[in-house]
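Reading the structure
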Amino acid sequence: MTMPFYTSPEQLMRERSELARKGIARGRSVVVLKFAGGVLFVAENPSTTLHKVSEIYDRIGFAAVGRYSEFESLRVAGVRIADVRGYSYDRRDVTGRALANTYAQHLGAIFTEQIKPFEVEICVAEVGATAESDQLYRLTYDGSIVDEPQYVVMGGQADAITSTLKDSFSDGLELGPAVEVAVKALGSGGENSRELGSKQLEVALLERERPHRTFRRISGAALEALLPKESGKDSEGSDDDKNGSEDKGSGSGK
């Protein structure tokens, strides 16, 4: 008689966690940080169409790393949830905390109930009326949620980038210095320091002073003006960067 195959729940959770962590670590990094005028998103992303940073609602933004098809489905679901809640009740009832809790429940259910977890890590950010009311929520593949006080680093060489940010970040940075700090931190990931040009970056912000929809992308000459002088002109970049889209073969937007 053939004995049925058995794997303990603890082993299943470890294997799912390892799969998700490896998928996230292969992605290029994203930095989300608070600055004097709101919340800044800076992602290493040579693609002009597969965005890692997007708008969810009036004062709420979304950033992600990992498998593109998976975090894009989460983004679309978040937009729909926010729209329905804002239409049914009031636009002020749509909050980053509520959306982050919804994402946490969804990711936790997938992690425990499905064979394959989502290979994603996401950040939900909300800009408030004052700097003290800005919110950053980091959500991982297993549904864990953390309220970050200053910045969030996800994907790729997150440990090295976080270490650099600890030394250079300070509260109340203006937009220019905040972009410079984030770009230098992203370039510090990996074995050697790199200079990232405007064509290798995706930059956006939730701007506190903008009425209604606060999300704004920064690109082209406006972005080059904010970059550190040595990074204003694009370097040759790696062969991987020259290929443009990160969505290769398996449909991953890492």
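For the structure itself, consult the block above.
**Let's talk about the overall build of the protein chain**
- In terms of helices and strands, the protein chain carries seven helices and twelve strands.
- Here the protein chain holds 254 residues, and 50% of them are scored as buried.
- The contacts of the protein chain with a sequence gap of at least 6 include a subset with a gap of at least 24, amounting to 69%.

**Comments concerning empty space enclosed by the protein**
- Taken as a whole and assessed by the stated rule, the structure comprises two cavities of 30 Å³ or more.
- The calculated volume of the largest cavity comes to roughly 50 Å³.
- Lining the largest cavity we find Ile81, Ala82, Arg85, Val94, Thr95, Ala98, Leu99 and Thr102.
- Among the secondary structure elements, those contributing two or more residues to the lining of the largest cavity are α2 (68–88) and α3 (96–113).
- Each residue belonging to the lining of the largest cavity can be placed in one class, and the counts come to five nonpolar, two polar and one charged.

**Concerning the packing of aromatic side chains**
- Taken as a whole, this structure holds four aromatic pairs when the rule is applied.
- Summarising the aromatic geometry, the rings of phenylalanine 62 and tyrosine 103 are spaced 5.9 Å apart at their centres and angled 55° between planes, so their arrangement reads as tilted. Taken together, the positions of phenylalanine 62 in strand β4 (residues 60–66) and tyrosine 103 in helix α3 put the pair 41 residues apart, joining distant regions of the chain. By the burial criterion, phenylalanine 62 is buried, and tyrosine 103 matches it.
- The interplanar angle of 80° and the centroid separation of 5.3 Å between the aromatic rings of tyrosine 68 and phenylalanine 71 together place this pair among those described as edge-to-face. Of this pair, tyrosine 68 and phenylalanine 71 are both found in helix α2, three residues apart, which corresponds to roughly one turn of the helix.
- For tyrosine 68, a relative accessible area of 15% translates into the label buried.

Conventions adopted
Residues numbered from 1 in each chain as written. Predicted model: local features only at pLDDT ≥ 70, side-chain atom pairs only at ≥ 80, totals over all residues. Heavy atoms only, no water. Helix = DSSP H or I, 4+ residues; strand = E, 2+ residues; numbered from the N terminus. Buried < 20%, exposed > 50% of the residue type's maximum accessible area, 1.4 Å probe, protein only. Contact = heavy atoms within 4.5 Å. 1 Å grid on protein atoms, 1.4 Å probe; cavity = no way out; pocket = protein on both sides within 12 Å on 5 of 7 lines; lining within 4 Å. Points joined across faces, edges and corners; volume = space filled by probe spheres on them. Nonpolar A, V, L, I, M, F, W, Y, C, P; charged D, E, K, R; others polar. Phe/Tyr/Trp six-rings, centres within 6.5 Å; stacked < 30°, edge-to-face > 60°.

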